[in-house]
Structure formats: C-alpha cells, structure tokens
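# Close look at the chain arrangement
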Amino acid sequence: MATKIKKGLTSIIMIMYDQTQTSRHVSMAAVAAITRYTNPKDYELILVDCCSKYPFRDDYHVLKVDKFIEKKAPDIGYYPAMNLGASKAKGEYLCFIENDLFVNSLNWLQTLRWYLENNKMDAVMPHQIPNTYNQIMEFESMDYEGAIGKAATEQGLVMITRKAFKEIGGWDKKLKAGYGWKRFYQQLGENKLRLGNTAKCIVTHITGMTYYDTMEFDLEKFEKNSKTEGDYLNG
C-alpha cells in the first residue's frame, strides 16, 4: 500500500551507525534535541539503525521516535539507508539530519520550512560553523529573505520538498558511504532545482562521526569505499 502523504508535515530522517557507546550517546542526544526544540505536531522522526552495537535508549521516556527501522549486517550503505527512511515517510517535506548534529532553537523547523513553503528554494540548509556572539546577533537582526545566502554550510542537514526529492531520484544508490552529499548537490543542479541556505537557522554539528568511526574501526572498508566512489564520481 502506498504511503499517504500528509500535507504540512515534515519527515525527519536520521541514520545511525553507532560502533561505540559514545557515538550511541551522541545519537540519543541528537534525538533529544529534536524532541526538545520541535513541536510534535509538525514532524515525524524516522530512525534507521544500521549495524549498531548498542541499544537505543530512552531512559527518561520522553523521546519522540515515530518509526524505528533496524538494519542488521550486511551493511546496506548510508545513502541507501536514507532512501529507505524516505520510503517510509509521510511528510510533504523531508529533512535529512546526521546523528551528530544538534538543533538548538524552538523555531528551527518552521524557519527552514518557510523557504520551501514560500517557494524561495527547493532545498535549504542551515548555518553550521562556529561564530562569535556579535556575528550571531547580526544573523538575528536579519529578516528571512535577507538571511538567504549568508550561511556557511556543510553536509549534515538538508530540508527538501518531496517533489524535488522525487525529481532527483533520491540519494544516489550507487554511493554507499562517503560522497553521497556531493552527488546530491550535483543531482539538484542537473535537475535545475534551487539549493540555498539561510543564516536564520543555526545548528551545531560535530561533523564526521560515522565517517571517522569507519576509518578507525574498519579501515579496509573505508579505503575501498573511498576509491570506488571517487572513481564513480570522476567518471
């Protein structure tokens, strides 16, 4: 049966590959931040748990997790896992968020969605790098349109309309680990879709937790994936 799409709902999709107890606690903290700062009526949270070694715990019985998809070994790959999460989503908007990224304001979701709802962009990214207090105050003084293009972005969080996600064919299925975001930007450009950013939404991103864990705990797999995907992207 086809998934019934719910207009105005955002489906937040997070993938977890937790090979250490520390990384598992980071994932739980990232989910806790979403629960803390997001109106539960506005979103569903879909977690795809891939080859993780530790249980996902909700010790205080407060975390909002709407779908928990467990994928044991063999590893299907990070970007196929994101497509899997998207295939279970009911939202009009899809928000892909890495499990080492923390939202930290009560209006983060509404802010990002404003750009999609008002047809300013097809996909939007928040501001993610460190700043001084004065720089943050400057961002706060901007209006929504004035903040367009003022953010410094990196892979970690993107919100996209379901329509645009369908047009690009989802995350590239041939990429399993390292270069999916780069290819995602290419796919948007190839389909003449508008990717933008805004300084009105600021997040905290540890950056590379799963990437570096793979490098440390399975170097052979990491090197093989990097070569295969680099060759693919370079033709």
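As a starting point, this report considers the structure included with it. Predicted, not measured: the structure shown is a model, and the values here were computed from it.

### Brief notes about the pattern of salt bridges
Counted according to the given criterion, the structure contains 13 salt bridges. Taking the shortest distance from any N to any O, the salt bridge between R57 and D59 comes out at 2.8 Å. A relative accessible area of 32% places R57 in the partly exposed class. A residue is classified by how much of its surface remains accessible, and D59, at 47% relative accessible area, is partly exposed. Three or more residues joined by partner-sharing salt bridges are found here, namely D18, R24 and D49.

### Brief notes about the nonpolar core
Soluble globular proteins tend to bury their nonpolar side chains together. Of all hydrophobic cores here, the largest spans 36 residues; its most connected members are I12, I34, I97, V103, W108, L157 and M159. Only β1 (6-16), α1 (21-37), β2 (43-50), β4 (91-97), β5 (101-103), α3 (108-117), β7 (157-161) and β8 (195-205) provide two or more residues apiece to this core. Element by element, the count of residues in this core is highest for α1, at six residues. Once residues within four sequence positions are removed from consideration, M159 is found in contact with T10, Y93, L94, C95, L109, L112, R113, L116, D122, A123 and V124. Of all hydrophobic cores here, the second largest spans 28 residues; its members include L94, F96, M125 and F165.

Conventions used here
Each chain carries its own residue numbering, running from 1 in the direction its sequence is written. Selection of residues for local features in this predicted model requires a pLDDT of at least 70, selection of side-chain atom pairs for listing and counting requires 80 or more, and totals for whole chains, interfaces and linings are taken over all residues. Note: side-chain values were computed over all heavy atoms of the structure, leaving out hydrogens and water. By definition, a salt bridge exists where a carboxyl oxygen of Asp or Glu is found within 4 Å of a side-chain nitrogen of Lys or Arg. Residue exposure (1.4 Å probe, protein chains only): buried if accessible area is under 20% of the type maximum, exposed if over 50%, otherwise partly exposed. Nonpolar cores were defined as sets of buried Ala, Val, Leu, Ile, Met, Phe, Trp, Tyr and Cys residues, with membership established by side-chain atoms within 4.5 Å. For helices the rule is a DSSP run of H or I covering at least 4 residues; for strands it is a run of E covering at least 2, with both sets numbered from the N terminus onward. It only takes one pair of heavy atoms within 4.5 Å for two residues to be counted as in contact.

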